[in-house]
Amino acid sequence: MRLIPVNHFDVDLFSIIETQKPNQSRVTMKEALGMDSSVKVTISEEGQRILSEEKGKHDFSQYEVKNPGEDDLTPKDVNVDGELMMEHYWAIGRAENKKSDNSEDYARAIMGGYEAVYHEIMKIHETGDREFSSLYGKGTVTLEEDLRALDLAFERKLGNMDAYIQSQQMRKVMGKVDLSIPKTPTYVPGIYDFRDPQYIEDMIEMMKRAKKEFEESYQSRGYQKFTGSNIISRIISENPEFSFKTKLLFFEVK
């Protein structure tokens, strides 16, 4: 997909900036400087010929500007991947089914949101391509384009998870309590080094695995609500060491 530059506008600052003195009529900047309000430029026939020859030597198609609303404008003409990705990213967030008090709850919420958006995309495309309005105009989006954008949105959610865990790890390293999380302990010396990149890597890999298993289940058995969140719960339960680290990070240790 090709990025079409946003239209720029020629701005005449002399027509915008005006000076005005008290009790005097408004005077334009051009008049104040004694300039003629109109400037004419004449190009000779020889100059026009040279300009035409030079233009023919260069490919300016990459700078082509299309006006929004043109009939022939489709998402394939513009860089809509980013817009599609953000559309699905926010949709996942809206579909997340609960407030997250720890990384495992957050993973279940993300998977719940992902499965809801995935199902909605599949339903919409049962009748073919869907309409899509971008900043550049209207067009159609294929199922493949929607799913690719959803993959990008999920990757962005994984980035959110990474940052969420890192911020909690730093709170624990600094010995601070996050009052927004119930029963959050301070640093527990001698038990666990909270600066643990492996914990983040394990969570990201488990979520990728859950996404893959959900998609396979959807294709083979159709949509069943809460499949995504149930899958990630099962995968996490298979890793008791990970769950122990979650308790150290997010819950009171007695």
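The structure reproduced in this document is the subject of the present report. (Residues numbered from 1 in each chain as written. Predicted model: local features only at pLDDT ≥ 70, side-chain atom pairs only at ≥ 80, totals over all residues. Heavy atoms only, no water.)

1. Quick notes on the packing of helix 6 (residues 143–173) against helix 9 (residues 240–250)
Consideration 1: Look at helix 6 against helix 9: their axes get within 9 Å of each other, and the N-to-C directions meet at 60°. As the angle between them shows, helix 6 and helix 9 are arranged oblique. Residues Tyr 164, Gln 168, Gln 169 and Lys 172 of helix 6 lie in contact with helix 9, whose contacting residues are Leu 248, Leu 249 and Phe 250.
Consideration 2: Of the residues that constitute the contact of helix 6 with helix 9, the class distribution is four nonpolar, two polar and one charged. (Axes fitted to C-alpha atoms, helices over the stretch in contact; angles between N-to-C directions. Helix = DSSP H or I, 4+ residues; strand = E, 2+ residues; numbered from the N terminus. Parallel < 35°, antiparallel > 145°, perpendicular 65-115°, else oblique. Contact = heavy atoms within 4.5 Å. Nonpolar A, V, L, I, M, F, W, Y, C, P; charged D, E, K, R; others polar.)

2. Here's the deal with the packing of aromatic side chains
Consideration 1: Across all of its chains, the model carries ten aromatic pairs by this definition.
Consideration 2: Here Tyr 199 and Phe 242 contribute two aromatic rings whose centre-to-centre distance is 4.3 Å and whose plane-to-plane angle is 5°, an arrangement assigned as stacked. Of the two residues, Tyr 199 is situated in helix 7 (residues 197–221) and Phe 242 in helix 9; the sequence distance between them amounts to 43 residues.
Consideration 3: Relative to Tyr 218, the ring of Phe 214 has its centre 6.0 Å away and its plane inclined at 55°; by these criteria the two rings are tilted. Within this pair, Phe 214 and its partner Tyr 218 are both found in helix 7, separated by four residues, close to a single helical turn. Across the pair, exposure class does not vary: Phe 214 and Tyr 218 are buried alike.
Consideration 4: Just above the ring of Tyr 89 sits the side chain of Lys 157; from NZ or CZ to the centre is 4.8 Å. (Phe/Tyr/Trp six-rings, centres within 6.5 Å; stacked < 30°, edge-to-face > 60°. Buried < 20%, exposed > 50% of the residue type's maximum accessible area, 1.4 Å probe, protein only. Lys NZ or Arg CZ within 6 Å of the ring centre and 35° of its normal.)

Note that every value here comes from positions in space, so none of it alone points to a role or purpose.
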